[in-house]
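Structural description and commentary
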Amino acid sequence: MLGIERVTVRYGASVAVSAVTESAAKGEWVGLIGANGAGKSSLLRAAAQLVPYDGAVKVAGETMGRISPRRRARLVAYVPQQPELPAGMSAIDYTLLGRTPHIGYFGVESAEDQRVCAEVLDRIGLAGLAERHLSTLSGGELQRVVLARALAQDAPVLLLDEPTSALDLGRRVDALEFVDELQCVDELRRERGLTVLSAMHDLTLAAQFADRLVLMSGGQVVAAGVPADVLDEQLLSACFGARVRVLTDDEGQLLVVPQRTRRRIEC
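No experiment lies behind these values; they were computed from the predicted model shown.

1. Observations regarding the environment of T204
Checked against the element boundaries, T204 lands in helix 8 (residues 203-209). According to the relative accessible area criterion, T204 is buried, its value standing at 15%. Here the alpha-carbon distance between T204 and L247, two residues 43 residues apart in the chain, equals 9.8 Å. Those residues in contact with T204 that sit more than four places away from it in its chain are L254, L255 and V256.

This is the structure we're talking about:
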């Protein structure tokens, strides 16, 4: 469904992403992990056609750089770290922007568009805030509205750049579980599964939700595979510059726990 072929991203003389080749199958969730500056966000922006790059990005066999922006918007939805948020716009109107690729050039939102957006807001726990202006929402609520807009876009590929960084623990899990449900064809009566490529800092949640993980460092892929293979203590310690422990709980879930490097000082 999503193919990234030898993609290189440069900012002036600096190489942020170096000849990365990766793919995501239909209905697969691939998590990008790595320290700050590893190249995760730059790779997502290249996939979203927001920065110049060398190489190719393909979705469902179509080369993204060769199709119209409207067609791209029907194939890929993108949730950035720092979205543009018009203060005077309501949550429902902002979510409706996600329906733009499905509306004619001189058309208006249909009852179906309204229904889709209302359902998304309800499922993500924002139904009661639909008419509130964005300027009155908390950081976590805003992040969920941005995710709702992307989900309302109804694209087969979803790119997420740290989608839960402003959410508290409960809402963080809720949001990821909602995205996870979107991949289940039967539950949402969809004719296709949702393919997700997401940058994630929380390695424990990444292990729980992603089917595969791609560990990046210095703009390159240093490991890729199922979470149990990628979340290696020595490898993570080297890439993140910190001591970590990888544990397994009673249910077989992986837990990535950072460790103090210095003893606690008693005052």
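2. Looking at the packing of helix 4 (residues 111-123) against helix 5 (residues 139-152)
Put simply, helix 4 and helix 5 touch, their axes get as near as 9 Å, and they point 140° apart. The angle between the axes of helix 4 and helix 5 places the two elements in the oblique class. In terms of crossing hand, the pair formed by helix 4 and helix 5 is right-handed. Between helix 4, through V116, C117, V120 and L121, and helix 5, the contact on the second element is made entirely by A148, L151 and A152.

3. Brief notes about the sheet that holds strand 5 (residues 62-63)
Spatial ordering of the open sheet is given by 2-1-4-5, a layout of four strands whose pairing is antiparallel. This sheet does not close on itself; its edge strands, each paired only once, are strand 2 (14-24) and strand 5. Bridge analysis of strand 1 (residues 2-11) against strand 4 (residues 54-59) gives five bridges, and the strand direction is antiparallel. Bridging from a neighbouring strand, T8 pairs with D54 of strand 4. Running over the sheet, helix 1 (residues 40-47) touches strand 1, strand 2 and strand 4 and is turned about 115° from strand 1.

Conventions used here
Residues numbered from 1 in each chain as written. Predicted model: local features only at pLDDT ≥ 70, side-chain atom pairs only at ≥ 80, totals over all residues. Heavy atoms only, no water. Helix = DSSP H or I, 4+ residues; strand = E, 2+ residues; numbered from the N terminus. Buried < 20%, exposed > 50% of the residue type's maximum accessible area, 1.4 Å probe, protein only. Contact = heavy atoms within 4.5 Å. Axes fitted to C-alpha atoms, helices over the stretch in contact; angles between N-to-C directions. Parallel < 35°, antiparallel > 145°, perpendicular 65-115°, else oblique. Left-handed = near helix turned anticlockwise from the far one by under 90°. Pairing = 2+ DSSP bridges.

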